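# A look at the structure
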Amino acid sequence: MLVVQYSVQNEKGMAVMELIPIMIIIVILFNYSLGFFGAIHTGILNSMAARNYAFETFRHRANLVYLRDGVSEDIVDFSKQNMRIHATVSDNNKNDKTHFIATGRPIDFLAKLEITGSKDLHNKQIYSIVDGKRFTDNSGGVTPIWVRPQYGICLNSKCGPK
């Protein structure tokens, strides 16, 4: 009968013990890499969509106050707002096309994160962000990433910072 002697000098099987933490680290890095790729890709696509819509509606017009060229009943007048803004609508709020709510993308690709947003969170609190200071909205984290590219133009001198 063959007797196998185990000793402290025998290192068979130790590579598996080293491989398990390395595989976990690789999966975590891959997970966050996909999450950041999704956030950046969403930002690029939304920026392209907003810019394309802006150029399509402006279309070398001399007067940008009205939405359409022809005379019809549904002409929209932008002279009261003093500006025209073009942006994309969030993936989660397809029914509300009147407010430009930001699109949320989680950093963690595999997390089942329900991204909820409201007009108040995205349209009012975004102006309280100051350069060089950290913005805290009491959520306790940095995920999700909010993407809201907008393109616009001032129609008169009343538009712009006061």
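Above this text is the structure in question.
Worth saying up front: this structure is predicted, and the values here are computed from it rather than measured.

Turning our attention to the overall build of the chain. The helix and strand tally for the chain stands at two helices and four strands. Going from N to C terminus, the chain has its helices and strands arranged as α-β-β-α-β-β. Sorting the 162 residues of the chain into buried and exposed places 19% on the buried side. Contacts spanning at least 24 positions in sequence make up 65% of the contacts within the chain whose residues lie at least 6 apart.

This part is about the environment of Thr 103. On the secondary structure map, Thr 103 appears in strand β2 (residues 103–105). Using a relative accessible area of 2% as the deciding quantity, one classes Thr 103 as buried. Between the C-alpha atom of Thr 103 and that of Asn 46, which follows or precedes it by 57 residues, the distance is 9.0 Å. Look past the residues within four positions of Thr 103 in its chain and what remains in contact with it is Thr 42, Asn 46, Val 89, Ser 90, Asp 91, Ile 145, Trp 146 and Val 147.

With that out of the way, let us pick up helix α1 (residues 14–58). With 45 residues, α1 should cover 66 Å at 1.5 Å per step; its first-to-last C-alpha distance of 67 Å lies within 8% of that length. Considered for burial, the residues of α1 that qualify are Asn 31, Gly 35, Ala 39, Thr 42, Asn 46, Ala 50, Ala 54, Thr 57 and Phe 58. Tucked inside the fold, the buried residues of α1 contact β1 (83–87), β2, β3 (145–147) and β4 (150–154). Of the residues trailing α1, Arg 59 is marked for its positive phi of about 35 degrees.

Our next topic: the pattern of salt bridges. Side-chain pairing between opposite charges can occur once the charged atoms of the two side chains come close. Enumeration according to the criterion identifies one salt bridge in this entry. Here Glu 56 and Arg 59 are joined by a salt bridge, their closest N and O atoms 2.9 Å apart. With a relative accessible area of 43%, Glu 56 lands in the partly exposed category.

Now for a nonpolar patch on the surface. Residues Met 14, Val 16, Met 17, Ile 20, Ile 24, Ile 28, Tyr 32, Phe 36, Ile 40, Ile 44, Leu 45 and Met 48 make up a contiguous nonpolar surface patch of about 1,200 Å² in total accessible area. Following the sequence through the fold, Ile 20 ends up in helix α1.

This brings us to the side chain of Asn 31. Assignment of secondary structure puts Asn 31 in helix α1. The buried category is assigned to Asn 31, whose relative accessible area is 10%. When residues no more than four places from it in sequence are discounted, the contact partners of Asn 31 are Ile 107, Asp 108, Phe 109 and Leu 110.

Below, the discussion takes up the side chain of Thr 57. One can find Thr 57 in helix α1. Owing to a relative accessible area of 9%, Thr 57 belongs among the buried residues under this scheme. Once residues within four sequence positions are removed from consideration, Thr 57 is found in contact with Arg 84 and His 86.

Criteria and thresholds
- Residues numbered from 1 in each chain as written.
- Predicted model: local features only at pLDDT ≥ 70, side-chain atom pairs only at ≥ 80, totals over all residues.
- Heavy atoms only, no water.
- Helix = DSSP H or I, 4+ residues; strand = E, 2+ residues; numbered from the N terminus.
- Buried < 20%, exposed > 50% of the residue type's maximum accessible area, 1.4 Å probe, protein only.
- Contact = heavy atoms within 4.5 Å.
- Expected span 1.5 Å × (residues − 1).
- Salt bridge = Lys/Arg side-chain N within 4 Å of Asp/Glu carboxyl O.
- Patch = residues over 30% accessible without salt bridge, like charges linked within 9 Å, V, L, I, M, F, W, Y side chains within 5 Å.
- Areas by Shrake-Rupley, 256 points an atom, 1.4 Å probe, with all protein chains shown as cover.

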